[in-house]
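Take a look at the letters that make up each chain.
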Amino acid sequence: MVDAASPFETVMRPGLPPPAAGRWSGFPAHNFVGGHNAPEALLPDTLMQALKTAIDREGLDLATYNLRSGPQGYEPLRAFVTGHLAKVAGMRVTADELLVTSGSLQGMDLINAALLQPGDTVLIEEVNYGGVLTRLARLGVEAVPVRVDGSGMCMASLGTELEKLSARGVQPKYIYTIPTVQNPSATVLSEARRREMLALAKQYQTVIFEDDCYADLVFAETRPPAIHALDDDGRVVYLGSFSKSIAPALRVGYVAAPWPLLSQLIALKTDAGTGALEQLMLAEYCPRHFENHIANLLPILKGKLAVLTSALEEHFGTAAEFAEPEGGIFLWVKLPEAVDTTVLAKAGEGIGISVNPGREWSVASDAGQFIRICYANPDHETIRSGVAGLADVCFETFGVPKRGGNVERFAGAQ
């Protein structure tokens, strides 16, 4: 059969992102990428019963768009979210101030669609969620990086960057932050820094985009109030999600925003509504089970983190540097200057080990020394063998860590 160019190749618009590398062939044997969570924490029977109960009660409403709750999403689910945010984050919002979205990424896209156009400027943490970096680049937006330390975004650096922009006559559209279990650093911004961020936003007449998708995964008993909770003049848009707290395949997120912005997001949300079955199930499940689910999940995550850090210490020694995460599902690891983690990640793929190289998650000058490891989904033995194999590949490719490698043994075990 002769390969022929697709007729669609001549009509595709310019400026598209690179196409998918290939068709889906399954997860690698040692999968440390993405935002997967711990399957051990899920209770399928309980989720099924919640869905059955909800459908028995309101299943006929599936014959209508939005379950008779309007375009902002299923009202009982919004009611749960408002109560949960009041309890754990100190937020004072009503169900009418929430929009349910198809995952937090739809919320992010809606916020960007409402606020940004090519040539705009925003401020972001210099280490950041890779999807943020690619989205802003695709939109033609200048993303000004702000330094991050062991306590999250540095307010001195934020103030400096805001002053530089002001001197150039540039008005930034927003300050984007993941303050609670930052991705990928897993830091938690203190209440004092949150208040200082609000003061700087007010001083320089910009707004704050608070992405709190990981906030339920804080290991401490309590977490700081949301920036939104400390805001007294409506300059914070808040993004949350059930994807990281319960399951990533549940594409349900939510936005809390002042009505002038929320009303515009509703107008931009043209998908005819977020999936009804997911909303029905969550609205029935969460009031009864959400707190217990989180209480069961966090020890599982902490146990896997302990296995990961122990394996890194065993196989990489001092060559792997990391700070103990304050929560979440990933570890941000720095390797020696001799290691290019983009090359390391590619080499790992060849033997079924997948990690995120730092350049996909950071614009800092030393990004190429970092990897992000998502540890929530693999079991303990997979974590141990994956780290051992990655150390073998790293030694063979870069001579780091300084010990004997045995890639053949590892590859033969696949």
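Everything discussed here concerns the structure shown above.
Owing to the predicted nature of the structure, the values given are computational and were not obtained by experimental measurement. (Residues numbered from 1 in each chain as written. Predicted model: local features only at pLDDT ≥ 70, side-chain atom pairs only at ≥ 80, totals over all residues. Heavy atoms only, no water.)

Colleague: Before we go on, may I ask you to explain the sheet that holds strand S13 (residues 356-357) in this structure?
Modeller: Each strand in a sheet pairs with another by means of backbone hydrogen bonds, the pair being arranged parallel or else antiparallel. With antiparallel pairing, three strands are arranged side by side in an open sheet as S11-S14-S13. Two strands bound the open sheet, and with one partner strand each, they are strand S11 (330-334) and S13. (Pairing = 2+ DSSP bridges. Helix = DSSP H or I, 4+ residues; strand = E, 2+ residues; numbered from the N terminus.)

Colleague: In this structure, what is going on with the packing of helix H3 (residues 103-115) against helix H8 (residues 259-268)? I would like to understand it.
Modeller: Any two packed helices are characterised by how steeply their axes cross, that is the angle between the axes, and by the distance between the axes. H8 packs onto H3 with a crossing angle of 110 degrees between their chain directions and a minimal axis gap of 9 Å. On the basis of the axis angle, H3 is roughly perpendicular to H8. Listed contacts from H8 to Leu110, Ile111, Ala113, Ala114 and Leu115 of H3 are Leu261, Gln264, Leu265 and Leu268. When grouped by side-chain class, the residues that make up the contact of H3 with H8 number eight nonpolar, one polar and no charged. (Axes fitted to C-alpha atoms, helices over the stretch in contact; angles between N-to-C directions. Parallel < 35°, antiparallel > 145°, perpendicular 65-115°, else oblique. Contact = heavy atoms within 4.5 Å. Nonpolar A, V, L, I, M, F, W, Y, C, P; charged D, E, K, R; others polar.)

Colleague: In this structure, what is going on with helix H5 (residues 155-167)? I would like to understand it.
Modeller: If you check H5, its first and last C-alpha atoms are 18 Å apart, about what 13 residues at 1.5 Å a residue would give, namely 18 Å. Inspection of H5 places Met155, Ser157, Leu158, Gly159, Glu161, Leu162 and Leu165 among the buried residues, and these make up the whole buried set. Where H5 is buried, its residues contact strand S3 (121-125), strand S4 (142-146), strand S6 (152-153), strand S7 (174-177) and helix H6 (191-203). Positive phi shows up at glycine 169, right after H5, with a value of about 75 degrees. (Expected span 1.5 Å × (residues − 1). Buried < 20%, exposed > 50% of the residue type's maximum accessible area, 1.4 Å probe, protein only.)

Colleague: Could you clarify how one ought to interpret the pairing of S11 in this entry?
Modeller: Put simply, side chains in a regular strand alternate between the two faces of the sheet. Of all the five residues making up S11, four are buried; the element is thus mostly covered by neighbouring parts of the structure. Pairing of S11 with strand S14 (residues 370-374) involves five bridges; the strand directions are antiparallel. Bridging across to S14, lysine 334 finds its partner in phenylalanine 370.

Colleague: What's the story with the environment of threonine 187 in this structure? I'm lost.
Modeller: Among the secondary structure elements, threonine 187 is positioned in the loop between S7 and H6. A residue is classified by how much of its surface remains accessible, and threonine 187, at 7% relative accessible area, is buried. A sequence separation of 36 residues divides threonine 187 from serine 151, and the C-alpha atoms of the two residues are 5.6 Å apart. Excluding residues within four positions of it along the chain, threonine 187 makes contact with Asp149, Gly150, Ser151, Gly152, Pro179, Thr180, Val181, Gln182 and Glu326.

Colleague: How do you make sense of the sheet that holds S4 when you look at a structure like this?
Modeller: Judged by pairing direction, the sheet is mixed, and its seven strands sit side by side in the order S2-S10-S9-S8-S7-S3-S4 without closing on themselves. In this open sheet, the two edge strands, each paired with only one partner strand, are strand S2 (98-101) and S4. Strand-to-strand twist of the sheet, defined as the mean angle between neighbouring strand axes without regard to direction, takes the value 20 degrees. Summarising the sheet, S7 and strand S8 (residues 207-211) pair through four bridges and their orientation is parallel. Bridge assignment links isoleucine 175 to a residue of S8, and that residue is isoleucine 208. Sheet strands in contact with H5 are S3, S4 and S7, and its direction is about 145 degrees off that of S4. Against the sheet, H6 touches S7, S8 and strand S9 (236-241), its axis set at about 145 degrees to S8.

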